[in-house]
Amino acid sequence: KLDFHPSGRHFLQIPGPSPVPDRILRAMSLPTIDHRGPEFGALGLELLSKVKKVFKTESPVIIYPASGTGAWEAALINTLSPGDRVLMFETGHFATLWHKMALRLDLQPEFLGLPGYDGWRHGVQADMIEARLKEDTGHELKAVCVVHNETSTGVTSDIAAVRKAIDAAGHPALLIVDTISGLASADYRHDEWGVDVTVSGSQKGLMLPPGISFNALSSKAIETSKQAKLPKSFWAWDEILEANQNGYWPYTPSTNLLYGLNEALDMLLDEGIDHVLARHQRWAAGVRAAVEAWGLEIQCLDPSVYSPVLTGVVMPEGIDADDVRKIIYERFDLSLGTGLGKAKGKMFRIGHLGDCNDLTLIATLGGCEAGMKLAGVNLKGSGVIAAMDYFATNPLDAGKR
Ligand code: PLP
């Protein structure tokens, strides 16, 4: 409950769902049409073609009317058989949930990771994956599953390095990657990195509400799916791929969310994906400048894998991060991400993705700074001033205006 009657707009600065731009809300408000009619078929073909550009792939991208968790399940059950061994890497809460899902699906996942809590402060260690795959001379491991942008910690792992590790081991395992919170905010290259299945969702960098999710495929993944024996029906790629040939789905798709997706793709492609990524890198650097000025620790301990999507801010000993978040929410109408799983109470997460700008982030940091002071956190200096200085002296389009 807020401490006052809210005016102005709420600040939704969690790392997804991210704020939905008015342009997308308007596109989604158009009347729902016949999903088997000609107008829909044309829309379907258009967006199935455009969406590939965001994944940087020439291969098909499946769109499900489901949250990201559904697309996680789809990636596993379309490619694997009961009892299959898979190699997963513990980067944080979402990697842990995916591992739990693999157990529930009757797979045999191995969970590699750095010891203790440390794994939750670093990215995927490709050398550990390579070493494990080299041991697996009988090729029992059928897939390597990793989270690209670990939303619970703010770590963006090096997927090209994981591909290299699999190749260096000469291992045929599929590479399955979750970039639910990385797509359209962090650099991602499905084809170039040789990813077999990429899992993503709508409510993060694509700036849509929750409710649709994706599997980008490779030809190897499609071939493997023909032999995969885990039960599937709603999630089965074959019937969807067939219907998608003409821009349709085998069931009723989320028509209005697809209007939104089409609009989002236009926005992202008109701006240029690489520009979108640069915008996120710059915001992340400004937010990190603030955390440094506060004298606080960033959850991610390896600067080479800092996330451009969100930053985890570690609270000093004796301060419960959720108490701080509560004060910030109640006093300033600002929502921040909670610490999840092993990170509960230790840190909060600032989302800096999608439809933001310098001023929304300066305001967000203002809410954090004032709230932390109210909660009794000892701050070294002003993060807001540091971020303002960073943004002022590092224009995104220097020389263009
Ligand atoms: N994986 C990652 C990295 C996520 O960030 C999330 C959600 O935040 C999920 C999986 C689960 O997706 P959803 O909550 O849309 O089902």
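Analysis parameters
Residues numbered from 1 in each chain as written. Predicted model: local features only at pLDDT ≥ 70, side-chain atom pairs only at ≥ 80, totals over all residues. Helix = DSSP H or I, 4+ residues; strand = E, 2+ residues; numbered from the N terminus. Rg over C-alpha atoms; globule rule 2.2 N^0.38 Å. Contact = placed C-beta atoms within 7 Å. Axes fitted to C-alpha atoms, helices over the stretch in contact; angles between N-to-C directions. Left-handed = near helix turned anticlockwise from the far one by under 90°. Nonpolar A, V, L, I, M, F, W, Y, C, P; charged D, E, K, R; others polar. Near = placed C-beta within 6 Å. Pairing = 2+ DSSP bridges. UniProt positions renumbered as here; feature names shortened; annotations may be inferred. Buried ≥ 20, exposed ≤ 12 C-beta atoms within 10 Å, placed from the backbone. pLDDT = per-residue confidence, 0-100. Domains from an automatic or database assignment.

Draft legend 1. Here's a closer look at the overall build of the protein. When its secondary structure is counted, the protein shows 13 helices and 14 strands. In summary, the protein has a C-alpha radius of gyration of 21 Å against a globular reference of 21 Å for 401 residues, a match within 12%. Counting only contacts in the protein whose residues sit at least 6 apart along the sequence, the fraction spanning at least 24 positions is 74%.

Draft legend 2. Layout of the packing of helix α10 (residues 273-294) against helix α13 (residues 383-393). The interhelical angle for the contact between α10 and α13, taken along N-to-C directions, is 145 degrees, at an axis separation of 7 Å. For the crossing formed where α10 meets α13, the hand is right-handed. Residue-level contacts link A285, G286, V287, A289, A290, V291, E292, A293 and W294 of α10 to G383, V384, A386, A387, Y390 and F391 of α13. When the residues that make up the contact of α10 with α13 are grouped by side-chain class, the tally is twelve nonpolar, two polar and one charged.

Draft legend 3. Region of interest: the site of the ligand. Taken together, the residues surrounding the ligand are G16, S67, G68, T69, F94, V147, T151, D178, I180, S181, G201 and P210. Its residues placed into classes, the shell around the ligand shows four nonpolar, seven polar and one charged.

Draft legend 4. Structural context of the sheet that holds strand β3 (residues 85-89). Read from one edge of the open sheet, seven strands run β2-β10-β9-β8-β5-β3-β4, paired in mixed fashion. Where the open sheet ends on each side, the last strands, each with one partner, are β2 (61-64) and β4 (108-112). If you compare each strand with its neighbour and ignore which way they point, the axes differ by 20 degrees on average. Note that β2 and strand β10 (residues 213-217) share four bridges and pair antiparallel.

Draft legend 5. The UniProt feature "domain: Aminotransferase class V" (unreviewed entry) in the protein, seen in detail. Mapped onto this numbering, the UniProt entry gives "domain: Aminotransferase class V" (unreviewed entry) at residues 46-338. In the segment residues 46-338, helix accounts for 40% and strand for 17%; the C-alpha atoms at its two ends are 37 Å apart.

Draft legend 6. The packing of helix α11 (residues 321-332) against helix α12 (residues 358-374), seen in detail. Look at α11 against α12: their axes get within 9 Å of each other, and the N-to-C directions meet at 120 degrees. Every pair of crossing elements has a handedness; the one defined by α11 and α12 is right-handed. Note on element contacts: α12 touches α11 through G367, C368, A370, G371, M372 and L374, opposite V324, I327, I328, R331 and F332. Across the contact of α11 with α12, the residue classes tally to eight nonpolar, two polar and one charged.

Draft legend 7. Looking closely at the UniProt feature "binding site: substrate" (unreviewed entry) in the protein. Feature annotation in UniProt places "binding site: substrate" (unreviewed entry) on R349, given in this structure's numbering. Secondary-structure assignment places R349 in strand β14 (residues 347-351). Judged by C-beta crowding, with 26 C-beta atoms within 10 Å, R349 ranks as buried.

Draft legend 8. How the structure looks around the confidence of the model for the protein. Of the residues in the protein, 99% reach a pLDDT of 70 or more, and the chain-wide mean stands at 97. Two numbers describe this predicted complex: its pTM, 0.98, and its ipTM, 0.99.

Draft legend 9. Structural detail: the sheet that holds β14. Strand order in this open sheet of three strands is β11-β12-β14, and the pairing throughout is antiparallel. Of all the strands in the sheet, the pair left with one neighbour each is β11 (297-298) and β14. Across two bridges, β11 lies against strand β12 (residues 310-314) in antiparallel orientation. Among the inter-strand pairings, E297 is bridged to a residue of β12, identified as V314. Packing of α10 onto the sheet brings it into contact with β11, β12 and β14, and relative to β12 it is tilted by some 10 degrees.

Draft legend 10. Quick peek at the domain arrangement of the protein. The domain architecture assigned to the protein consists of domain 1 (11-19 + 273-393) and domain 2 (22-270). Computed over C-alpha atoms only, the centres of domain 1 and domain 2 are separated by 27 Å. Opposite the 27 residues of domain 1 that make contact, domain 2 presents 31 residues. Secondary-structure elements contributing two or more residues to the side of domain 1 that touches domain 2 are α10 and β12. If you tally residues by element for the side of domain 1 that touches domain 2, the top one is α10, at four residues. Each residue belonging to the side of domain 1 that touches domain 2 can be placed in one class, and the counts come to 14 nonpolar, nine polar and four charged.

Draft legend 11. Seen up close, the pairing of strand β5 (residues 141-147). A large share of β5 lies buried, amounting to seven of its seven residues. Bridge analysis of β3 against β5 gives four bridges, and the strand direction is parallel. Across the sheet, the residue bridging to M88 is C145, located in β5. Relative to strand β8 (residues 174-178), β5 runs parallel, the two sharing five bridges. Within β8, the residue paired with C145 across the bridge is I176.

Draft legend 12. Seen up close, unusual backbone geometry. The peptide bond linking G16 to P17 adopts the cis configuration, its omega dihedral lying at -5 degrees. Within the fold, P17 resides in the loop between β1 (11-12) and α1 (22-28). In the Ramachandran plot, K56 falls in the positive-phi region, its phi being about 55 degrees despite a non-glycine side chain. Tracing the chain through its elements places K56 in the loop between α2 (38-55) and β2. Notably, M207 is not glycine yet its phi reads approximately 65 degrees, a positive angle. Mapped onto the secondary structure, M207 falls in the loop between β9 (197-201) and β10. On the basis of neighbour counts, which here come to 27 C-beta atoms within 10 Å, the residue M207 falls in the buried class.

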